Amino acid sequence: MTEDERWMESALREAEQALKRKEVPIGAVIVHNGRIIGKGYNQTESLQDPTAHAEMIAITAAATSLGSRRLEDCTLYVTLEPCPMCAGAIVLARVPRLVFGAYDPKAGACGTLLNIVQDDRLNHRTELAGGVLQERCGGLLSLFFQQIRTDGGEKA
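Residues numbered from 1 in each chain as written. Predicted model: local features only at pLDDT ≥ 70, side-chain atom pairs only at ≥ 80, totals over all residues. Heavy atoms only, no water.

Participant: What is the right way to look at the overall build of the protein in this model?
Facilitator: When its secondary structure is counted, the protein shows five helices and five strands. For the protein, the succession of helices and strands along the chain, N to C, is α-β-β-α-α-β-α-β-β-α. A globule of 156 residues ought to have a C-alpha radius of gyration of about 15 Å, and the protein, at 15 Å, matches this closely. Dimensions of the protein, computed from C-alpha atoms along their principal axes, come out at roughly 45 × 35 × 30 Å. In the protein, which comprises 156 residues, the share counted as buried stands at 49%. (Helix = DSSP H or I, 4+ residues; strand = E, 2+ residues; numbered from the N terminus. Rg over C-alpha atoms; globule rule 2.2 N^0.38 Å. Buried < 20%, exposed > 50% of the residue type's maximum accessible area, 1.4 Å probe, protein only.)

Below you can see the structure in the form of structure tokens.
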């Protein structure tokens, strides 16, 4: 198991917390100097907050942990390719490296539809590694949406 896979396992555990709470199962962890300093899972439904994505929660926790809005020397691990909002937050937080699991063909803003985190017009660019434990990350999402369809079509 690679180091990226090991940390992605931690992000998957966060995603499983979201699944238990009937949230879209996306999890994120931020690692600094070999330890997790921020973590989060989607909470948009429970908080009724459209910004309560796993990445946003993890970024806030990591910034608090470091006492800085700049997450230099950190790596963000997230189970799904970040959306435009989260990609923008990654740039603003100056996260130097992003590792994600499943690609998001509908809203991916880190290489699929857009590539905000590597746009030369912005003042910061992030190194990317996509597809880490992709099958497991995508499988958790597939399970969630299958359960939604089975349970009567509730929307996520």
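Participant: What's the story with the packing of helix α1 (residues 3-20) against helix α5 (residues 134-150) in this structure? I'm lost.
Facilitator: The N-to-C vectors of α1 and α5 enclose an angle of 5 degrees; their axes lie 10 Å apart at closest approach. Taken together, the axes of α1 and α5 are roughly parallel relative to one another. Residues Met8, Glu9, Leu12, Ala15, Glu16 and Leu19 of α1 lie in contact with α5, whose contacting residues are Arg136, Cys137, Leu140, Leu143, Phe144 and Gln147. Taken together, the residues of the contact of α1 with α5 break down into eight nonpolar, one polar and three charged. (Axes fitted to C-alpha atoms, helices over the stretch in contact; angles between N-to-C directions. Parallel < 35°, antiparallel > 145°, perpendicular 65-115°, else oblique. Contact = heavy atoms within 4.5 Å. Nonpolar A, V, L, I, M, F, W, Y, C, P; charged D, E, K, R; others polar.)

Participant: Would you explain the pattern of salt bridges in this entry?
Facilitator: Where charged atoms from two side chains of opposite charge come close, those side chains can pair. For the structure shown, the criterion picks out six salt bridges. Notably, a salt bridge pairs aspartate 4 with arginine 97, separated by 2.7 Å at the nearest N-O pair. Of the two residues, aspartate 4 is situated in helix α1 and arginine 97 in strand β4 (residues 97-102); the sequence distance between them amounts to 93 residues. Judged by its relative accessible area of 16%, aspartate 4 is buried. (Salt bridge = Lys/Arg side-chain N within 4 Å of Asp/Glu carboxyl O.)

Participant: How should I be thinking about the layout of surface pockets in this particular structure?
Facilitator: Gaps left between atoms show up when a probe the size of a water molecule is rolled over them. Considering only enclosed or pocket space, the largest pocket measures out at about 470 Å³ in volume. Taken together, 19 residues line the largest pocket, and the ones lying closest to its centre are Val24, Ile26, Leu80, Asp104 and Ala107. Per-class residue counts for the lining of the largest pocket are twelve nonpolar, three polar and four charged. (1 Å grid on protein atoms, 1.4 Å probe; cavity = no way out; pocket = protein on both sides within 12 Å on 5 of 7 lines; lining within 4 Å. Points joined across faces, edges and corners; volume = space filled by probe spheres on them.)

Participant: Just checking my understanding: could you explain the pairing of strand β3 (residues 74-80) for this structure?
Facilitator: Sheet faces and side chains relate simply in a regular strand, where the side chains alternate between the two faces. Counting buried residues along β3, seven of its seven residues qualify, which places the element largely inside the surrounding structure. In this structure, strand β1 (residues 27-32) lies alongside β3, joined through five bridges in antiparallel fashion. Looking at the pairing, valine 29 lines up with tyrosine 77 of β3. Note that β3 and β4 share five bridges and pair parallel. If you follow leucine 80 over to β4, its bridge partner there is alanine 102. Taken together, β3, helix α4 (residues 84-92) and β4 form a β-α-β motif whose crossover is right-handed. (Pairing = 2+ DSSP bridges. Right-handed = clockwise from strand over helix to strand, strands pointing away.)

Participant: Quick question: what am I supposed to make of the environment of alanine 52 here?
Facilitator: On the secondary structure map, alanine 52 appears in the loop between α2 (44-47) and α3 (54-66). Along the chain, alanine 52 and glycine 34 lie 18 residues apart, while their C-alpha atoms are 26 Å from each other. In this structure alanine 52 touches Tyr41, Asn42, Gln43, Thr44, Leu47 and Ile57, once residues within four positions along its chain are discounted.

Participant: Quick question: what am I supposed to make of the packing of aromatic side chains here?
Facilitator: Here a ring pair, both rings aromatic, is described through the centre-centre distance and the interplanar angle of the planes. Under the counting rule described, the total for this entry stands at two aromatic pairs. When the centroid spacing of 5.0 Å and the interplanar angle of 85 degrees are considered together, the rings of phenylalanine 100 and tyrosine 103 count as edge-to-face. The exposure class assigned to phenylalanine 100 is buried, which follows from its relative accessible area of 1%. When the ring of phenylalanine 144 is compared with that of phenylalanine 145, the centres are 4.9 Å apart and the planes differ by 80 degrees; the resulting orientation is edge-to-face. (Phe/Tyr/Trp six-rings, centres within 6.5 Å; stacked < 30°, edge-to-face > 60°.)

Participant: Honestly, the packing of α3 against α4 in this entry has me stumped. Any pointers?
Facilitator: A pair of packed helices can be characterised by two numbers: the angle between their axes and the separation between those axes. It is the contact of α3 with α4, at a shortest axis distance of 9 Å, that shows an interaxial angle of 20 degrees. Taken together, α3 and α4 sit at an angle that is classed as roughly parallel. Between α3 and α4 lies a crossing whose hand is left-handed. Side by side, α3 and α4 meet where Glu55, Met56 and Ile59 of the first sit next to Met85, Cys86, Ala89 and Ile90 of the second. Among the residues making up the contact of α3 with α4, the classes are represented as six nonpolar, no polar and one charged. (Left-handed = near helix turned anticlockwise from the far one by under 90°.)

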